[in-house]
Amino acid sequence: DSGVTQTPKHLITATGQRVTLRCSPRSGDLSVYWYQQSLDQGLQFLIQYYNGEERAKGNILERFSAQQFPDLHSELNLSSLELGDSALYFCASSFRDGPYEQYFGPGTRLTVT
Amino acid sequence: GENVEQHPSTLSVQEGDSAVIKCTYSDSASNYFPWYKQELGKRPQLIIDIRSNVGEKKDQRIAVTLNKTAKHFSLHITETQPEDSAVYFCAASDPNDYKLSFGAGTTVTVRA
């Protein structure tokens, strides 16, 4: 157990819908990273927050957004869902903003039908 | 941005033998290189990492080596066991924003 929690574990929804994925970092960690894992694209970085502020962005679609709240938990919002958005979504946390160990949560498996 | 290539994509070894996975990276300023193990349907689990000021690091049966000049790093697993069967990912940390760029993964199968 990494200490990072994610909810829900599984999510099945229809195209065009909107979902919210939630992540709670390890106690004391200030940075949260979101990654998408699909069979054809591997593990891809989406976005990072550090202490409530957006720190870095990857190839995140405009339909996706995220935020980090004062209690440091983070939410990833996916809207206008398409079949291709079906994937495992992981968040990871690290102590500070820097080249430090990132610990992954158990992931949310999103299936868009 | 950082580009990480990983080889081989699949690796089958006899129990007790060694396994070696190699990765190359593109940004010479990258300074942190973790390795993750992922079992089917589970989270990536950090197993070992190395920083650019170190050439080699060992933790029991696993070791990682880094060649900064050639921009490549490798994972070595000795005395492989069936529980080592998993997908292994290398990664490099972007020197500007520290996000991880992952290799495509290596599926390791340890034959009993």
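Numbers given for residues are sequential positions, taken from 1 along each chain in its written order. To label them, take the chains in the order written and letter them from A, then take the ligands in the order written and number them from 1. Whole-chain, interface and lining totals are the exception, using all residues; otherwise, since this is a predicted model, local features are given only for residues with pLDDT of at least 70 and side-chain atom pairs are given and counted only at 80 or more. Excluding hydrogens and water, the side-chain figures rest on all heavy atoms present in the structure.

(A) Seen up close, the confidence of the model for chain B. When the pLDDT values of chain B are averaged, the result is 94; 100% of them are 70 or greater. Scored from 0 to 100, pLDDT records how confident the predictor is in each individual residue. Secondary structure elements are defined from DSSP: runs of H or I of at least 4 residues count as helices, runs of E of at least 2 residues count as strands, and each element is numbered from the N terminus. Mean pLDDT across the elements of chain B ranges from a minimum in strand S10 (residues 100-102) of chain B, with 93, to a maximum in strand S3 (residues 19-25) of chain B, with 98.

(B) Structural detail: the sheet that holds strand S7 (residues 64-68) of chain A. All names here are of chain A. Strands are labelled as partners when DSSP assigns at least two bridges between them. Taken together, the four strands give an open sheet; going across it, the order is S1-S3-S8-S7, and neighbouring strands pair in antiparallel fashion. Unpaired on one side and paired on the other, strand S1 (5-7) and S7 mark the two borders of the sheet. Across the sheet, the mean angle from the axis of one strand to that of its neighbour is 15 degrees, orientation sign disregarded. Where helices are involved, their axes are fitted lines through C-alpha atoms of the stretch in contact, as for all axes, and angles between N-to-C directions lie from 0 to 180°.

(C) Just the environment of B:Pro34, in detail. Residue and element names in this part refer to chain B. Structurally, Pro34 can be placed in strand S4 (residues 32-38). Sequence spacing of Pro34 and Ala91 is 57 residues, and the spatial spacing of their C-alpha atoms is 5.5 Å. Leaving out residues up to four positions away in the same chain, Pro34 has contacts with Leu46, Ile48, Asp49, Phe89, Cys90, Ala91, Ala92 and Leu100. Contacts are assigned to residue pairs that have any heavy atoms within 4.5 Å of one another.

(D) Quick look at the environment of A:Ala87. Residues and elements named next belong to chain A. Mapped onto the fold, Ala87 is located in strand S9 (residues 87-94). Exposure is judged per residue with a 1.4 Å probe applied to protein chains only, and the accessible area is read against the type maximum: over 50% gives exposed, under 20% gives buried, and values in between give partly exposed. Note on Ala87: relative accessible area 8%, which makes it buried. For the pair formed by Ala87 and Gln36, sequence separation is 51 residues and the distance between their alpha carbons is 6.6 Å. When neighbours within four sequence positions are excluded, Ala87 is seen to be in contact with Gln36, Gln37, Ser38, Thr108, Arg109 and Leu110.

(E) Here's a closer look at the nonpolar core. Formed by 24 residues in total, the largest nonpolar core has its most connected members in B:Trp35, B:Phe73, B:Leu75 and B:Tyr88. Elements with a contribution of two residues or more to this core: strand S2 (10-14), S3, S4, strand S5 (45-51), strand S7 (62-67), strand S8 (72-77), strand S9 (86-93) and strand S11 (106-111) of chain B. When residues no more than four places from it in sequence are discounted, the contact partners of B:Tyr88 are B:Gln6, B:Ile21, B:Tyr36, B:Lys37, B:Ile47, B:Leu75, B:Ile77, B:Gly105, B:Thr106 and B:Val108. The term nonpolar core refers to a set of buried residues drawn from Ala, Val, Leu, Ile, Met, Phe, Trp, Tyr and Cys, joined through side-chain atoms within 4.5 Å. Within the second largest apolar cluster, 21 residues are counted, among which are A:Leu21, A:Ile60, A:Phe64 and A:Leu78.

(F) Up close: the side chain of B:Ser30. All names here are of chain B. Turning to its location among the elements, Ser30 is positioned in the loop between S3 and S4. Overall, Ser30 belongs to the buried group, its relative accessible area being 3%. The definition of a polar contact used here is a pair of N or O atoms within 3.5 Å, where within protein one atom must be able to donate a hydrogen and the other to accept one, and adjacent residues in sequence count solely through side-chain atom pairs. A distance of 2.3 Å separates a polar atom in the side chain of Ser30 from a polar atom in the side chain of Glu2. Polar contacts involving the side chain of Ser30 include one to the main-chain carbonyl oxygen of Ser93, which spans 3.3 Å. Sequence-distant contacts of Ser30, defined by excluding residues within four places in its chain, comprise Glu2, Tyr25, Ser52, Ala92, Ser93 and Pro95.

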